[in-house]
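Topology and contacts: notes
One-letter residues, chain by chain:
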Amino acid sequence: MPDFFKELVLTKVLRSAVTYHKTSQNGLTVQVEDVRIRATYSHRKKIPITEGFVEVKDGGKWRQICNEEWSEMNSRVICGMYGFPSEKPFNVRPYKLLAKRRKKNYWGFSVNCTGNESNLSDCKLGKEIQLKGNNTCRRGMPVVISCVPGRAFAPSVSMGFRKAYRMEQPLVRLRGGAMIGEGRVEVLKNGEWGTVCDDNWNIRAATVVCRELGFGSAKEALSGGRMGQGVGSVHMNEVECSGFEKSLTECYFNRESVGCSHEEDAAVRCNVPAMGFNSRLRLGGGRNPYEGRVEVLAERNGSLVWGTVCSDSWGTMEAMVVCRQLGLGFASHAFQETWYWQGDASADSVVMSGVRCSGTELTLDQCLHHGKHVSCLKGSGRFAAGVSCTQTAPDLVLSAQVVEQTTYLEDRPMYALQCAHEERCLSSTADKADPNSFRRLLRFSSQIQNNGLSDFRPRASPHSWIWHECHRHYHSMEVFTHYDLLSLNGTKVAEGHKASFCLEDTHCDEGIQKRYECANFGSQGITVGCWDTYRHDIDCQWIDITDVKPGDYFLQVAINPNYEVAESDYTNNIMKCRSRYDGHRIWTYNCHIGGTLSSDVEDTFPGLLTNQLSHSSLTVSVGLSSSFEMRRFGPLLRSSLLRYVNQLTAQPAAK
């Protein structure tokens, strides 16, 4: 074969059987062993491979397809199989010249796709082609396709364009998926993100989502909350798509249908391009393929060598990127000590350091790092970075409604805050405060639910939990939540962190059994479908605002703020509220979970522009009794909130 026609073969298995079977009265479907795109020399170094000859493997031999009956719909299906949203025109002349010089071995059939198929095996078998040696397909040539990669997979030459122009707000997104190109489908409506009900959810609608997001056709249309449960509204139900819509929002759906819960949230798995990500990264020495010391392929002195990653600053976010790059799901742990995993001895040298990831990168080398100038003071050798991966993860979500409805002020004497003071739950000015003085506390309840697919468990094992004599309980996580009061420009004006008293199942959805209970040194955690409630009258369930001046603020609550435990989605771990403090009372309103609003309105609240409070504003009187003053409510809202507060206060205060 001439040197100028070196070929790179990209192979994808479709079916192991070599048959053509009748699926309906309409005809036969294509069943072949493999399909591949053969890239010419000029395209072989491009990743991903987007252009080349289409070949099928039949009877153990690779064969070309005659393009006399080939259509754009056929190309659309092949591109979708390989993870590309669409096909595009190309210069056919060089391919004609190459085809004349090579020996051809045509497949004996044409293909008839409608364009909606997610795989070539779903297309109908076209008419039979008479094989006449070199005279076969005389009026045509072997099929060639050219595909358009999605923005995330486009060649690096487009990086300048991506940096220069701000991306538009998407209308559809995926959440909760372990792999690239999969997740729960969420759509944007009136500035708020919501989910899609799985009634009538099918592969055609799923493919519209995948192509819209820059992936190929859908591999699976998932139902029943298989990618975890969302929050907020269910925006679409009984979706029907033709398959050629540019966006899921263009598809028909039943606007009158109600009653769909998040247990029915729809999800997708999309075909994604072969980027060769897992060829540049590996795990060494682990007991199974899902764990081990992280080893990367790097260029040193003009050659590619395997080496380790410095564990300085190595954490959950970096481990998440590694597991995703290898196609192993989520990270379950990030290790800074890996001496017990004997990796390849030739890969002991550190070749990557200073790694800092946001968690959204596709590969580890996309994260910030030191480049060729490695600097590793104490994270090498036996302390090289390691990970363990898992297919499922928890997803904690704080109830914004509970926080908004239970916020109030309390003036409490210092002599009653000795334990909380020892726990550093008061502001620094409390260190010099008179024992008979009072601290003003902004109190509220927190209800934290696990919407993920696995239980939330503390990273530390029970033998390392710390006993706190003052509160008579063990702390399983150093810090479980952060409570902050911020100025409108984001500056902290007051803060109060709360180490977890315990993590337990306070309540669970119907049919789910509680697994975790703090009593008697029991196991700690939050089961999937259960929630842990931290009542407003527990010590440290507050922010000390004694030194805060009257004004408008943000109340912010962050769960698992140090990413100590891996979750499928961290964007919903932060809750924000608008707060107005007049020196005597406080109003808390417009509370929302991070990621639930569009980027255009995320930090712009209705009450901020109109200088008016929302209908759910709560006016609170200050005093030792901490009584609620319902001044701005109608009778119905007032009675419902009173019932809610009475329900909370009726429960025992100690966890």
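Notes on the structure follow. These numbers come from a predicted model, not from an experiment.

**A closer look at the state of the cysteines**
A full pass over the atoms with the stated rule returns 13 disulfides. Here C113 connects covalently by a disulfide to C123, the sulfurs 2.0 Å from one another. Residues C113 and C123 are joined by a disulfide whose S-S torsion is about 105 degrees; by sign, that bridge is right-handed. One end of the pair, C113, is in the loop between β8 (109–112) and β9 (124–128); the other, C123, is in the loop between β8 and β9, with ten residues separating them in the sequence. The disulfide partner of C323 is C389, and the S-S distance across this bridge is 2.0 Å. Residues C323 and C389 are joined by a disulfide whose S-S torsion is about -80 degrees; by sign, that bridge is left-handed. Note that C323 is positioned in helix α5 (residues 316–325) and C389 in strand β22 (residues 386–390), a separation of 66 residues in sequence. A relative accessible area of 0% means that C323 is categorised as buried.

**Topic: unusual backbone geometry**
Residue I47 is joined to P48 through a cis peptide bond whose omega torsion reads 0 degrees. Here P48 is to be found in the loop between β4 (34–39) and β5 (51–58). Positive phi is not limited to glycine here, since C540 has a value of about 75 degrees. In this structure, C540 sits in the loop between β32 (530–534) and β33 (542–544). Residue class for C540 comes out buried when judged on its relative accessible area of 2%.

**Here we look at the sheet that holds β32**
Pairing in this open sheet of four strands is antiparallel, and the strands run β23-β26-β32-β31 from one edge to the other. Each having just a single partner strand, β23 (396–398) and β31 (507–508) make up the two edges of the open sheet. In this structure, β23 lies alongside strand β26 (residues 446–450), joined through three bridges in antiparallel fashion. By the bridge assignment for β26, V397 is matched with Q449.

**Observations regarding helix α2 (residues 93–101)**
Count 3.6 residues to each turn of an α-helix, and residues three or four apart come out pointing the same way. Restricting attention to buried positions, one finds in α2 the residues Y95, L98 and A99. Taken down its axis, α2 places every buried residue within 100 degrees of arc, on the same side. Exposed side chains of α2 directed beyond 90 degrees from the buried face belong to R93, K100 and R101. Of the surrounding elements, those touching the buried residues of α2 are β5 and β10 (144–148).

**Examining the packing of aromatic side chains**
One pair of aromatic rings is described through two measures. These are the centre distance and the angle between the planes. For the structure shown, the criterion picks out eleven aromatic pairs. Relative to Y95, the ring of F53 has its centre 5.4 Å away and its plane inclined at 80 degrees; by these criteria the two rings are edge-to-face. Pair noted here: F53 is in strand β5 and Y95 is in helix α2, with a separation of 42 residues, a long-range link. With respect to burial, F53 and Y95 carry one shared label: buried. A network of ring pairs unites the aromatic residues F335, W339, Y340 and W341 as a single cluster. When the ring centre of W62 is taken as reference, the NZ or CZ atom of R36 above it lies at 4.0 Å. The cationic tip of K576 hangs over the ring face of F554; the distance from NZ or CZ to the ring centre is 5.5 Å.

Calculation criteria
Residues numbered from 1 in each chain as written. Predicted model: local features only at pLDDT ≥ 70, side-chain atom pairs only at ≥ 80, totals over all residues. Heavy atoms only, no water. Disulfide = S-S within 2.5 Å. Helix = DSSP H or I, 4+ residues; strand = E, 2+ residues; numbered from the N terminus. Buried < 20%, exposed > 50% of the residue type's maximum accessible area, 1.4 Å probe, protein only. Pairing = 2+ DSSP bridges. Arc of directions from axis to C-beta. Contact = heavy atoms within 4.5 Å. Phe/Tyr/Trp six-rings, centres within 6.5 Å; stacked < 30°, edge-to-face > 60°. Lys NZ or Arg CZ within 6 Å of the ring centre and 35° of its normal.

Function cannot be inferred from these measures alone, as they are strictly geometric.
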